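Residues per chain are reported as follows:
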Amino acid sequence: MRIIRGIKVMQELAKGIRRKGRSIGFVPTMGALHQGHLSLIRKARRENDFVVASIFVNPAQFGPGEDFKRYPRVLRHDAYLCKGAGADVIFYPAAKDIYPDNYQTYVLVEDLSGVLCGKFRPGHFRGVATVVAKLFNIVQPDTAYFGQKDAQQAIIIRKMAQDLHIPLRIKVMPTAREKDGLAMSSRNAYLDKSQRRDAAVLYRALKLSRDLIRQGKRNSKEIIRRMRQLISQKKNCRVQYISIVDLENLKPVAEIKEKVLVALAVWFGKTRLIDNIIIKIK
Ligand code: AMP
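For the structure given in this document, a descriptive report is provided here. (Residues numbered from 1 in each chain as written. Predicted model: local features only at pLDDT ≥ 70, side-chain atom pairs only at ≥ 80, totals over all residues. Heavy atoms only, no water.)

**Considering the overall build of the protein chain**
Along its length, the protein chain carries ten helices and nine strands. Taking 282 residues into account, the globule formula puts the C-alpha radius of gyration at 19 Å, and the protein chain, at 19 Å, falls close to it. C-alpha atoms of the protein chain, sized along the principal axes, occupy 55 × 40 × 40 Å. The buried share among the 282 residues of the protein chain stands at 55%. (Helix = DSSP H or I, 4+ residues; strand = E, 2+ residues; numbered from the N terminus. Rg over C-alpha atoms; globule rule 2.2 N^0.38 Å. Buried < 20%, exposed > 50% of the residue type's maximum accessible area, 1.4 Å probe, protein only.)

**A word on the nonpolar core**
Membership of the largest hydrophobic core comes to 48 residues, with the highest contact counts inside it found for Val52, Phe136 and Met160. Here the element with the most residues in this core is helix α6 (residues 124–139); it accounts for ten residues. With residues up to four places along the chain from it excluded, the contact list for Phe136 reads Phe26, Pro141, Ala144, Phe146, Ile157, Met160, Ile166, Leu168 and Ile170. One finds Ala205, Leu230, Cys237 and Val262 within the second-largest nonpolar core, a separate group that totals 30 residues. (Core = buried A, V, L, I, M, F, W, Y, C linked by side-chain atoms within 4.5 Å. Contact = heavy atoms within 4.5 Å.)

**Some words on unusual backbone geometry**
With phi around 55 degrees, Ala32 is a residue other than glycine that occupies positive phi space. Structurally, Ala32 is set in the loop between β2 (24–29) and α2 (35–47). Residue class for Ala32 comes out buried when judged on its relative accessible area of 12%. With a phi angle near 60 degrees, Leu250 is a residue other than glycine that sits in the positive phi range. Within the secondary structure, Leu250 sits in the loop between β7 (237–245) and β8 (259–268).

**Observations regarding the packing of helix α1 (residues 7–19) against α6**
Across the interface, α1 lies against α6 with an axial gap of 7 Å and an inter-helix angle of 55 degrees. As the angle between them shows, α1 and α6 are arranged oblique. Every residue of α6 that contacts α1 at Ile7, Met10, Gln11 and Ala14 is listed here: Asn137, Ile138 and Val139. Taken together, the residues of the contact of α1 with α6 sort by class into five nonpolar, two polar and no charged. (Axes fitted to C-alpha atoms, helices over the stretch in contact; angles between N-to-C directions. Parallel < 35°, antiparallel > 145°, perpendicular 65-115°, else oblique. Nonpolar A, V, L, I, M, F, W, Y, C, P; charged D, E, K, R; others polar.)

**Some points on the site of the ligand**
Close to the ligand lie 16 residues, the nearest being Met30, His37, Asp150, Ala176 and Met184. Note that an oxygen atom of the ligand is positioned 2.7 Å from one of the side-chain N or O atoms of Asp150. Contact with the protein chains covers 93% of the free accessible surface of the ligand, which is 480 Å². Looking at the shell around the ligand, the elements that each hand over two or more residues are β2, α2 and β5 (143–147). With three residues, α2 is the largest single contributor of residues to the shell around the ligand. Looking at side-chain class alone, the shell around the ligand contains seven nonpolar, seven polar and two charged residues. (Near = heavy atom within 4 Å. Polar contact = N/O pair within 3.5 Å; in protein donor to acceptor, adjacent residues only side chain to side chain. Areas by Shrake-Rupley, 256 points an atom, 1.4 Å probe, with all protein chains shown as cover.)

**Points about the sheet that holds β7**
Strand order in the open sheet formed by three strands is β7-β8-β9, with antiparallel pairing between adjacent strands. Among the strands making up the open sheet, the edge pair consists of β7 and β9 (271–280). Along the sheet, successive strands turn relative to each other by an average axial angle of 15 degrees, direction set aside. (Pairing = 2+ DSSP bridges.)

**Thoughts on helix α7 (residues 151–163)**
For α7, which comprises 13 residues, the first-to-last C-alpha distance of 18 Å matches the rise-based estimate of 18 Å (1.5 Å per residue) to within 8%. Burial in α7 covers these residues: Ala151, Gln152, Gln153, Ala154, Ile155, Ile156, Ile157, Met160 and Ala161. After α7 finishes, the residue His165 shows a positive phi value of roughly 55 degrees. (Expected span 1.5 Å × (residues − 1).)

**Details of the state of the cysteines**
Applying the stated rule across the entire model yields zero disulfides. Its sulfur unpaired, Cys117 is 16 Å from the next cysteine sulfur, which belongs to Cys237. (Disulfide = S-S within 2.5 Å.)

**Digging into the environment of Arg228**
Relative to the helices and strands, Arg228 is located in helix α10 (residues 220–231). Note: C-alpha distance between Arg228 and Val260 (32 residues apart in sequence) is 18 Å. The residues touching Arg228, leaving out its near neighbours within four places in the chain, are Val239 and Ile242.

**Focus on the packing of aromatic side chains**
Think of a pair of aromatic rings as described by two things: how far the centres are apart, and how the planes are tilted against each other in angle. Under the definition given, this model contains eight aromatic pairs. Ring centres of Phe56 and Tyr99 lie 6.4 Å apart, and the angle between their planes is 35 degrees; this geometry places the pair in the tilted category. Highlighted residues: Phe56 in the loop between β3 (50–55) and α3 (75–85) and Tyr99 in the loop between α4 (95–98) and α5 (117–120), separated in sequence by 43 residues. The class of Phe56 is buried, set by a relative accessible area of 7%. Its relative accessible area of 15% is what places Tyr99 among the buried residues. On the numbers, 5.3 Å between centres and 65 degrees between planes, the contact of Phe62 with Phe68 is edge-to-face. Taking the relative accessible area as the measure of exposure, Phe68 reaches 29% and is therefore partly exposed. These aromatic residues form a ring-pair network of at least three members: Phe56, Tyr99, Tyr103 and Tyr106. The lysine or arginine in question, Arg70, covers the ring of Tyr190, its NZ or CZ lying 3.9 Å from the ring centre. The ring of Phe68 is capped by Arg73, whose NZ or CZ atom sits 4.9 Å from the centre of that ring. (Phe/Tyr/Trp six-rings, centres within 6.5 Å; stacked < 30°, edge-to-face > 60°. Lys NZ or Arg CZ within 6 Å of the ring centre and 35° of its normal.)

Rendered as C-alpha cells:
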C-alpha cells in the first residue's frame, strides 16, 4: 500500500489505471478510522480492481469555533487499518495544495445544504461538496462509497455528482454501530465515560420512532416529542434538532407516508453527535 501526497502523482496513477480498463473504488475520509470507514473500504475492495482511501481533515468544512484543531490525526494507525481492509493507496494531500493561496472556487448544492445540520453549521456542506468534487477530479473513481451515518452528506454528494455530470457511481453503505447501538464516529473519542454510556440513547430514540411508526403513528410532531422525552432523561446532553424529513428534498414531513429519514443532532458536553435511520412503511 502506498501513501501518496502529491495531487499530480495521484492523478497520473489514476489515469494509468483507468487506461488499462481497471476500475477504481474510492472512500473519502477525514481519518481516525473505525469499523464504519473500514466497512466502506472492504466493500470498495470487493467491487473494484484498485482501491483508494483519502485522509484529509478538510478545513473548509469546519466553522469557527468547531473542532478542526483538535480533530484526531493518527496517520500511522490509519495506514495500518487501511492496509488490513485492502486499500491500495492512501491519498493524503496537504491543505496548502488543496487550497493554495488565492483559492477561489466552491461548490454549493443550494437547498439541501441549508437544512438539518446545515442550519446549524453554515458553510459546512459547501466545504464538503467542494472538497469531494476536487477529490473526484483527482482520484477519478468509477465508484465512490459513503456512509448512511452522514445521510445528508450522501444526499448532497449524489445531487452534486448528478448536477455537475461527474461520471461515477455513488454507493451509500449502512451505519456501523457499537454493541449498544451508538453509531461509530471518530468524534466518539471525545466522550468521557458517562457521556459515552448516555450516548446510546440516540439510537434508542431512533428505534422508538420506528416502533411508533410501526404501531401506526403518523404524526411527526408527536413522534419527535416522544423522542425528545426519551433523550431528555439523560441529564448531560442537549438536543440540537430532531427532524423527520423527505428522503429526497430533506423537507420536513408532517404526516408520515411511505418513506422518511429520521435525523438528529445532540450535544454531549462539547461533542456534537449525529445519527439517523430511514423508515419505510410496508
Ligand atoms: P468521516 O471520516 O467522518 O468524514 O467519514 C468518512 C466516510 O465514512 C463518510 O462517508 C461517512 O459517512 C462514513 N462513516 C462514518 N461513520 C460511519 C459509520 N458509523 N458507519 C458507516 N459509515 C460511516
